Amino acid sequence: MIANERPMNQAKKNSRLIVELLYPSRLLFYLWLLLFGFAHTARQVGRPPLPGNQAELFSLLYAVCAITLLFVYAKIINDIYDLTIDRISNKRRPLVEGIISVDAARRLSTVLLAVSGIFALLVCNRSFICQWLVIGGLSYLYSTPPARLRRFWPIGHMTLVLIGGSVFVAGTCIARPDGLLNVGENKTILACLLLAFFFLSQIKDLKDIEGDRQGGVDNIFGCVSHPRVLALIFYSGFLLMAFFVATNIGVGVVASVAGTLVCAAIAVGISVRSKQLAGLDRLFSLAFIFLLYLAVVWIR
(Lines give C-alpha, C1' and ligand atoms only; values in the text may rest on other atoms or scores of the structure.)
Protein backbone atom coordinates (compact mmCIF):
# COMPACT_ATOMS: atom_id res chain seq x y z
CA MET A 1 0.00 0.00 0.00
CA ILE A 2 2.77 2.43 0.94
CA ALA A 3 4.63 1.56 -2.26
CA ASN A 4 1.54 2.53 -4.27
CA GLU A 5 1.08 5.78 -2.39
CA ARG A 6 4.56 7.08 -3.24
CA PRO A 7 4.03 7.15 -7.05
CA MET A 8 0.61 8.76 -6.48
CA ASN A 9 2.10 11.45 -4.24
CA GLN A 10 4.84 12.10 -6.77
CA ALA A 11 2.27 12.34 -9.56
CA LYS A 12 0.31 14.90 -7.52
CA LYS A 13 3.46 16.91 -6.90
CA ASN A 14 4.33 16.85 -10.61
CA SER A 15 0.79 17.92 -11.52
CA ARG A 16 0.93 20.76 -9.02
CA LEU A 17 4.30 21.83 -10.33
CA ILE A 18 2.99 22.03 -13.88
CA VAL A 19 -0.11 23.99 -12.87
CA GLU A 20 1.88 26.38 -10.68
CA LEU A 21 4.43 27.05 -13.42
CA LEU A 22 1.79 27.56 -16.10
CA TYR A 23 -0.08 29.91 -13.72
CA PRO A 24 -3.25 29.90 -15.86
CA SER A 25 -4.77 32.93 -14.13
CA ARG A 26 -1.97 35.02 -15.67
CA LEU A 27 -0.90 33.04 -18.76
CA LEU A 28 -4.40 33.13 -20.29
CA PHE A 29 -4.27 36.94 -20.49
CA TYR A 30 -1.08 36.85 -22.56
CA LEU A 31 -2.51 34.22 -24.88
CA TRP A 32 -5.67 36.32 -25.21
CA LEU A 33 -3.54 39.32 -26.21
CA LEU A 34 -1.67 37.24 -28.80
CA LEU A 35 -4.85 35.83 -30.34
CA PHE A 36 -6.69 39.15 -30.18
CA GLY A 37 -3.78 40.88 -31.90
CA PHE A 38 -3.99 38.32 -34.70
CA ALA A 39 -7.80 38.40 -35.00
CA HIS A 40 -8.07 42.19 -34.87
CA THR A 41 -5.42 42.66 -37.56
CA ALA A 42 -7.04 40.01 -39.76
CA ARG A 43 -10.31 41.95 -39.53
CA GLN A 44 -8.48 45.19 -40.36
CA VAL A 45 -7.29 43.76 -43.69
CA GLY A 46 -10.74 42.43 -44.53
CA ARG A 47 -10.32 38.81 -43.49
CA PRO A 48 -12.15 36.58 -41.02
CA PRO A 49 -10.52 36.62 -37.54
CA LEU A 50 -9.22 33.09 -38.08
CA PRO A 51 -6.12 31.65 -39.80
CA GLY A 52 -6.60 31.83 -43.56
CA ASN A 53 -4.54 28.78 -44.48
CA GLN A 54 -2.63 25.87 -42.99
CA ALA A 55 0.70 27.72 -42.94
CA GLU A 56 -0.81 30.61 -40.99
CA LEU A 57 -2.55 28.20 -38.60
CA PHE A 58 0.75 26.48 -37.81
CA SER A 59 2.48 29.85 -37.38
CA LEU A 60 -0.18 30.82 -34.85
CA LEU A 61 0.18 27.51 -32.99
CA TYR A 62 3.97 27.88 -32.91
CA ALA A 63 3.50 31.41 -31.57
CA VAL A 64 1.20 30.15 -28.80
CA CYS A 65 3.83 27.57 -27.82
CA ALA A 66 6.62 30.16 -27.92
CA ILE A 67 4.72 32.65 -25.74
CA THR A 68 3.57 29.96 -23.31
CA LEU A 69 7.07 28.59 -22.76
CA LEU A 70 8.53 32.09 -22.53
CA PHE A 71 5.94 32.90 -19.89
CA VAL A 72 6.88 29.82 -17.86
CA TYR A 73 10.56 30.77 -18.17
CA ALA A 74 9.74 34.24 -16.85
CA LYS A 75 7.62 32.76 -14.06
CA ILE A 76 10.47 30.52 -12.92
CA ILE A 77 13.11 33.25 -12.80
CA ASN A 78 10.66 35.51 -11.00
CA ASP A 79 9.94 32.79 -8.41
CA ILE A 80 13.66 32.24 -7.88
CA TYR A 81 14.26 35.87 -6.95
CA ASP A 82 10.94 36.17 -5.10
CA LEU A 83 11.71 33.27 -2.76
CA THR A 84 11.92 35.52 0.32
CA ILE A 85 8.58 37.10 -0.54
CA ASP A 86 6.88 33.81 -1.39
CA ARG A 87 7.89 32.25 1.93
CA ILE A 88 5.56 34.80 3.50
CA SER A 89 2.86 35.44 0.90
CA ASN A 90 2.80 32.38 -1.38
CA LYS A 91 3.74 29.42 0.77
CA ARG A 92 2.41 26.86 -1.72
CA ARG A 93 4.78 27.83 -4.51
CA PRO A 94 6.90 24.83 -5.69
CA LEU A 95 10.22 26.42 -4.73
CA VAL A 96 8.95 27.28 -1.25
CA GLU A 97 7.63 23.75 -0.65
CA GLY A 98 10.76 22.16 -2.10
CA ILE A 99 8.95 20.37 -4.92
CA ILE A 100 11.73 21.66 -7.15
CA SER A 101 15.13 22.99 -6.10
CA VAL A 102 16.52 26.36 -7.13
CA ASP A 103 19.26 24.70 -9.22
CA ALA A 104 16.74 22.48 -10.98
CA ALA A 105 14.49 25.48 -11.57
CA ARG A 106 17.37 27.38 -13.18
CA ARG A 107 18.14 24.45 -15.48
CA LEU A 108 14.49 24.08 -16.39
CA SER A 109 14.17 27.79 -17.18
CA THR A 110 17.17 27.57 -19.54
CA VAL A 111 15.66 24.61 -21.38
CA LEU A 112 12.27 26.30 -21.67
CA LEU A 113 13.84 29.50 -23.00
CA ALA A 114 15.71 27.52 -25.66
CA VAL A 115 12.63 25.57 -26.73
CA SER A 116 10.56 28.75 -26.76
CA GLY A 117 13.19 30.28 -29.07
CA ILE A 118 12.91 27.31 -31.43
CA PHE A 119 9.14 27.75 -31.65
CA ALA A 120 9.62 31.47 -32.26
CA LEU A 121 11.92 30.67 -35.19
CA LEU A 122 9.37 28.19 -36.56
CA VAL A 123 6.87 31.05 -36.84
CA CYS A 124 9.14 32.24 -39.69
CA ASN A 125 8.32 35.88 -39.11
CA ARG A 126 11.10 38.38 -38.43
CA SER A 127 8.80 40.85 -36.70
CA PHE A 128 7.49 38.15 -34.37
CA ILE A 129 11.04 37.15 -33.44
CA CYS A 130 11.82 40.81 -32.64
CA GLN A 131 8.83 40.91 -30.30
CA TRP A 132 9.87 37.60 -28.73
CA LEU A 133 13.29 39.10 -27.95
CA VAL A 134 11.68 42.21 -26.45
CA ILE A 135 9.34 40.12 -24.27
CA GLY A 136 12.19 37.90 -23.07
CA GLY A 137 14.44 40.87 -22.34
CA LEU A 138 11.80 42.78 -20.41
CA SER A 139 10.88 39.64 -18.44
CA TYR A 140 14.51 39.23 -17.43
CA LEU A 141 14.84 42.87 -16.38
CA TYR A 142 11.58 42.67 -14.44
CA SER A 143 12.72 39.83 -12.18
CA THR A 144 16.49 39.61 -12.16
CA PRO A 145 19.09 41.67 -10.28
CA PRO A 146 20.68 44.13 -10.58
CA ALA A 147 17.79 45.80 -12.46
CA ARG A 148 14.93 43.81 -10.88
CA LEU A 149 12.37 46.38 -12.02
CA ARG A 150 9.71 44.56 -10.05
CA ARG A 151 10.96 46.37 -6.93
CA PHE A 152 9.82 49.79 -8.07
CA TRP A 153 6.26 51.08 -8.36
CA PRO A 154 5.01 51.85 -10.99
CA ILE A 155 8.04 50.91 -13.12
CA GLY A 156 7.51 47.20 -12.54
CA HIS A 157 3.87 47.41 -13.60
CA MET A 158 4.76 49.49 -16.65
CA THR A 159 7.23 46.76 -17.59
CA LEU A 160 4.46 44.16 -17.39
CA VAL A 161 2.28 46.41 -19.54
CA LEU A 162 5.02 46.69 -22.17
CA ILE A 163 5.34 42.90 -22.17
CA GLY A 164 1.59 42.57 -22.72
CA GLY A 165 1.69 45.18 -25.49
CA SER A 166 4.53 43.33 -27.19
CA VAL A 167 2.50 40.11 -27.07
CA PHE A 168 -0.41 41.90 -28.75
CA VAL A 169 1.91 43.29 -31.44
CA ALA A 170 3.41 39.81 -31.91
CA GLY A 171 -0.07 38.57 -32.75
CA THR A 172 -0.59 41.34 -35.29
CA CYS A 173 2.68 40.38 -36.98
CA ILE A 174 1.41 36.86 -37.70
CA ALA A 175 -1.73 38.15 -39.43
CA ARG A 176 0.21 40.83 -41.28
CA PRO A 177 3.96 40.42 -41.85
CA ASP A 178 4.49 44.18 -41.85
CA GLY A 179 2.43 44.54 -38.67
CA LEU A 180 5.39 45.95 -36.76
CA LEU A 181 5.49 48.89 -39.16
CA ASN A 182 1.78 49.53 -38.85
CA VAL A 183 1.39 49.73 -35.07
CA GLY A 184 0.10 53.26 -35.64
CA GLU A 185 -3.08 51.83 -37.15
CA ASN A 186 -3.76 50.14 -33.81
CA LYS A 187 -2.65 52.99 -31.56
CA THR A 188 -6.08 53.64 -30.00
CA ILE A 189 -6.71 49.95 -29.33
CA LEU A 190 -3.16 49.43 -28.09
CA ALA A 191 -3.34 52.46 -25.77
CA CYS A 192 -6.59 51.23 -24.22
CA LEU A 193 -5.17 47.72 -23.83
CA LEU A 194 -2.02 49.03 -22.16
CA LEU A 195 -4.04 51.10 -19.69
CA ALA A 196 -6.43 48.20 -19.03
CA PHE A 197 -3.59 45.86 -18.16
CA PHE A 198 -1.79 48.52 -16.16
CA PHE A 199 -4.83 48.81 -13.90
CA LEU A 200 -5.34 45.05 -13.74
CA SER A 201 -1.67 44.33 -12.99
CA GLN A 202 -1.92 46.36 -9.78
CA ILE A 203 -4.31 43.85 -8.23
CA LYS A 204 -1.72 41.05 -8.24
CA ASP A 205 0.03 42.86 -5.36
CA LEU A 206 -2.88 42.47 -2.95
CA LYS A 207 -1.77 39.04 -1.71
CA ASP A 208 1.88 40.10 -1.40
CA ILE A 209 1.68 43.12 0.91
CA GLU A 210 3.60 41.62 3.83
CA GLY A 211 5.97 39.61 1.65
CA ASP A 212 6.81 42.64 -0.49
CA ARG A 213 7.49 44.67 2.65
CA GLN A 214 10.00 42.09 3.83
CA GLY A 215 11.48 41.66 0.37
CA GLY A 216 12.06 45.37 -0.27
CA VAL A 217 9.49 45.64 -3.05
CA ASP A 218 7.21 48.67 -3.42
CA ASN A 219 3.57 47.76 -2.88
CA ILE A 220 1.02 50.53 -3.15
CA PHE A 221 -1.59 48.53 -1.23
CA GLY A 222 0.67 48.54 1.81
CA CYS A 223 0.59 52.35 1.83
CA VAL A 224 -3.18 52.86 2.03
CA SER A 225 -5.69 52.30 4.81
CA HIS A 226 -8.38 50.77 2.55
CA PRO A 227 -6.71 48.43 0.05
CA ARG A 228 -10.05 46.88 -1.02
CA VAL A 229 -11.34 50.27 -2.11
CA LEU A 230 -8.15 50.95 -4.05
CA ALA A 231 -8.42 47.52 -5.68
CA LEU A 232 -11.95 48.30 -6.86
CA ILE A 233 -10.77 51.66 -8.24
CA PHE A 234 -8.06 49.89 -10.26
CA TYR A 235 -10.55 47.26 -11.37
CA SER A 236 -12.95 49.98 -12.48
CA GLY A 237 -10.13 51.42 -14.58
CA PHE A 238 -9.62 48.03 -16.21
CA LEU A 239 -13.35 47.68 -16.97
CA LEU A 240 -13.52 51.18 -18.43
CA MET A 241 -10.55 50.59 -20.73
CA ALA A 242 -11.87 47.16 -21.78
CA PHE A 243 -15.20 48.86 -22.56
CA PHE A 244 -13.40 51.39 -24.79
CA VAL A 245 -11.58 48.58 -26.60
CA ALA A 246 -14.86 46.75 -27.17
CA THR A 247 -16.71 49.76 -28.56
CA ASN A 248 -13.73 50.71 -30.75
CA ILE A 249 -13.61 47.31 -32.44
CA GLY A 250 -17.35 47.19 -33.10
CA VAL A 251 -18.91 45.46 -30.11
CA GLY A 252 -22.37 46.91 -29.56
CA VAL A 253 -22.77 49.53 -26.83
CA VAL A 254 -25.64 47.64 -25.20
CA ALA A 255 -23.65 44.39 -24.99
CA SER A 256 -20.55 46.24 -23.75
CA VAL A 257 -22.45 48.18 -21.07
CA ALA A 258 -24.32 45.07 -19.91
CA GLY A 259 -21.12 43.02 -19.59
CA THR A 260 -19.29 45.86 -17.83
CA LEU A 261 -22.04 46.41 -15.27
CA VAL A 262 -22.41 42.71 -14.51
CA CYS A 263 -18.65 42.35 -14.10
CA ALA A 264 -18.52 45.44 -11.85
CA ALA A 265 -21.32 44.10 -9.64
CA ILE A 266 -19.62 40.71 -9.26
CA ALA A 267 -16.30 42.44 -8.49
CA VAL A 268 -17.92 44.40 -5.66
CA GLY A 269 -19.45 41.16 -4.36
CA ILE A 270 -16.07 39.42 -4.40
CA SER A 271 -14.46 42.34 -2.55
CA VAL A 272 -17.15 42.40 0.14
CA ARG A 273 -17.33 38.64 0.68
CA SER A 274 -13.59 37.88 0.64
CA LYS A 275 -12.34 37.60 4.20
CA GLN A 276 -8.71 38.00 3.17
CA LEU A 277 -7.17 40.29 0.57
CA ALA A 278 -5.72 37.26 -1.22
CA GLY A 279 -9.30 36.30 -2.07
CA LEU A 280 -9.48 39.29 -4.42
CA ASP A 281 -7.15 37.40 -6.76
CA ARG A 282 -10.39 35.92 -8.11
CA LEU A 283 -10.87 39.25 -9.86
CA PHE A 284 -8.36 38.00 -12.44
CA SER A 285 -10.62 35.09 -13.34
CA LEU A 286 -13.56 37.46 -13.57
CA ALA A 287 -11.56 39.81 -15.81
CA PHE A 288 -10.64 36.99 -18.18
CA ILE A 289 -14.27 35.81 -18.40
CA PHE A 290 -15.24 39.40 -19.25
CA LEU A 291 -12.64 39.56 -22.03
CA LEU A 292 -13.83 36.22 -23.40
CA TYR A 293 -17.41 37.51 -23.37
CA LEU A 294 -16.40 40.62 -25.34
CA ALA A 295 -14.39 38.49 -27.80
CA VAL A 296 -17.30 36.12 -28.44
CA VAL A 297 -19.74 38.99 -28.98
CA TRP A 298 -17.25 40.67 -31.32
CA ILE A 299 -16.56 37.55 -33.42
CA ARG A 300 -20.26 36.80 -33.79
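If you're wondering where the values come from, they're calculated on a predicted model, not measured in any experiment.

## Comments concerning the overall build of the protein
For step 1, the next point in the chain: If you tally the helices and strands in the protein, you get 13 helices and zero strands.
For step 2, the next point in the chain: Taken from N to C terminus, the helices and strands of the protein fall in the order α-α-α-α-α-α-α-α-α-α-α-α-α.
For step 3, the next point in the chain: Against the globule reference of 19 Å for 300 residues, the protein gives a C-alpha radius of gyration of 20 Å, in line with a compact fold.
For step 4, the next point in the chain: C-alpha extents for the protein along the principal axes are approximately 60 × 45 × 45 Å.
For step 5, the next point in the chain: When each of the 300 residues of the protein is scored for burial, the buried share is 50%.
For step 6, the next point in the chain: A fraction of 73% describes how many contacts in the protein between residues 6 or more apart in sequence connect residues 24 or more apart.
For step 7, the next point in the chain: Taken as a whole, the protein presents about 14,600 Å² of accessible surface, with 68% of it coming from carbon and sulfur.
For step 8, the next point in the chain: Mean positive and mean negative side-chain charge positions of the protein (28 and 16 charges, respectively) differ by 4 Å.

## What about the packing of helix α11 (residues 227-248) against helix α13 (residues 282-299)?
For step 1, the next point in the chain: Relative to each other, α11 and α13 sit at 10°, their axes nearing to 11 Å. By the angle class used here, α11 and α13 are roughly parallel. Residue-level contacts link Y235, F238, L239, A242 and A246 of α11 to L283, L286, A287, F290, L291 and L294 of α13.
For step 2, the next point in the chain: In terms of residue class, the contact of α11 with α13 is made up of eleven nonpolar, no polar and no charged.

## With respect to helix α8 (residues 155-175)
For step 1, the next point in the chain: In a regular helix each residue adds 1.5 Å, so 21 residues correspond to 30 Å; α8 covers 31 Å between its end C-alpha atoms and thus fits that length.
For step 2, the next point in the chain: By the criterion of burial, α8 is predominantly enclosed, with 18 of the 21 residues buried.

## Let's talk about helix α7 (residues 126-143)
The α-helix advances 3.6 residues per turn, and as a result positions three or four apart in sequence lie on the same side.
For step 1, the next point in the chain: Compared with an ideal rise of 1.5 Å per residue, which puts 18 residues at 26 Å, α7 spans 26 Å between its outermost C-alpha atoms and is within 8% of the ideal.
For step 2, the next point in the chain: The backbone nitrogen of S127 has a side-chain oxygen 3.0 Å away, supplied by the residue at the start of α7, namely N125.

## Section: the packing of α11 against helix α12 (residues 253-273)
For step 1, the next point in the chain: At their nearest, the axes of α11 and α12 sit 10 Å apart, and the two run at 165° to each other. Classified by the angle their axes make, α11 and α12 are roughly antiparallel. Where α11 crosses over α12, the handedness of that crossing is right-handed. When α11 is examined against α12, the residues R228, L232, Y235, L239, F243, A246 and T247 are found in contact with a partner set consisting of V253, S256, V257, T260, C263, A264, A267, V268 and S271.

## Digging into the nonpolar core
For step 1, the next point in the chain: Within the largest apolar cluster, 85 residues are counted, with the highest numbers of intra-cluster contacts made by F36, F128, L193, L200, Y235 and F238.
For step 2, the next point in the chain: Per element, the largest residue contribution to this core is 13 residues, and it comes from helix α3 (residues 54-81).
For step 3, the next point in the chain: With residues near it in sequence (within four places) discarded, F36 still touches F168, I189, L193, V245, I249 and W298.

## A closer look at the confidence of the model for the protein
For step 1, the next point in the chain: With 94% of its residues at a pLDDT of at least 70, the protein reaches an overall mean of 91.
For step 2, the next point in the chain: For the protein, per-element mean pLDDT is lowest for helix α1 (residues 2-22), which scores 68, and highest for helix α6 (residues 102-122), which scores 97.

## Looking at unusual backbone geometry
For step 1, the next point in the chain: With omega at 5°, the peptide bond leading from P145 into P146 counts as cis.
For step 2, the next point in the chain: Topologically, P146 is positioned in the loop between α7 and α8.
For step 3, the next point in the chain: Looking along the chain, the bond that leaves W153 and enters P154 is cis, with omega of 0°.
For step 4, the next point in the chain: Examined against the element boundaries, P154 turns out to sit in the loop between α7 and α8.
For step 5, the next point in the chain: If you check the backbone angles, C124 has positive phi at about 60° while not being a glycine.
For step 6, the next point in the chain: Within the element layout of this structure, C124 appears in the loop between α6 and α7.

## Quick look at the environment of G237
For step 1, the next point in the chain: Relative to the assigned elements, G237 resides in helix α11.
For step 2, the next point in the chain: What makes G237 buried here is its relative accessible area of 10%.
For step 3, the next point in the chain: Put simply, G237 and F199 are 38 residues apart on the chain and 6.0 Å apart in space, counted from C-alpha to C-alpha.

## Remarks on the packing of aromatic side chains
For step 1, the next point in the chain: All chains considered together, the criterion is met by 14 aromatic pairs.
For step 2, the next point in the chain: Between the aromatic rings of F29 and F197, the centroid separation amounts to 5.9 Å while the plane-to-plane angle is 80°, which identifies the pairing as edge-to-face. Taken together, the residues span a long stretch of sequence, with F29 in helix α2 (residues 24-44) and F197 in helix α9 (residues 187-202) at a distance of 168 residues. This pair shows no difference in class: F29 is buried, exactly as F197 is.
For step 3, the next point in the chain: Among the aromatic residues, ring-to-ring pairing joins F29, F197, F284 and F288 into one connected group.
For step 4, the next point in the chain: The ring of F284 is capped by R26, whose NZ or CZ atom sits 3.8 Å from the centre of that ring.
For step 5, the next point in the chain: When the ring centre of W298 is taken as origin, the NZ or CZ atom of R43, which lies over that ring, is 4.7 Å away.

So, how was this worked out
- Residues numbered from 1 in each chain as written.
- Predicted model: local features only at pLDDT ≥ 70, side-chain atom pairs only at ≥ 80, totals over all residues.
- Heavy atoms only, no water.
- Helix = DSSP H or I, 4+ residues; strand = E, 2+ residues; numbered from the N terminus.
- Rg over C-alpha atoms; globule rule 2.2 N^0.38 Å.
- Buried < 20%, exposed > 50% of the residue type's maximum accessible area, 1.4 Å probe, protein only.
- Contact = heavy atoms within 4.5 Å.
- Areas by Shrake-Rupley, 256 points an atom, 1.4 Å probe, with all protein chains shown as cover.
- Lys, Arg positive; Asp, Glu negative; His and termini not counted.
- Charge placed at Lys NZ, Arg CZ, Asp CG, Glu CD.
- Axes fitted to C-alpha atoms, helices over the stretch in contact; angles between N-to-C directions.
- Parallel < 35°, antiparallel > 145°, perpendicular 65-115°, else oblique.
- Nonpolar A, V, L, I, M, F, W, Y, C, P; charged D, E, K, R; others polar.
- Expected span 1.5 Å × (residues − 1).
- Polar contact = N/O pair within 3.5 Å; in protein donor to acceptor, adjacent residues only side chain to side chain.
- Left-handed = near helix turned anticlockwise from the far one by under 90°.
- Core = buried A, V, L, I, M, F, W, Y, C linked by side-chain atoms within 4.5 Å.
- pLDDT = per-residue confidence, 0-100.
- Phe/Tyr/Trp six-rings, centres within 6.5 Å; stacked < 30°, edge-to-face > 60°.
- Lys NZ or Arg CZ within 6 Å of the ring centre and 35° of its normal.

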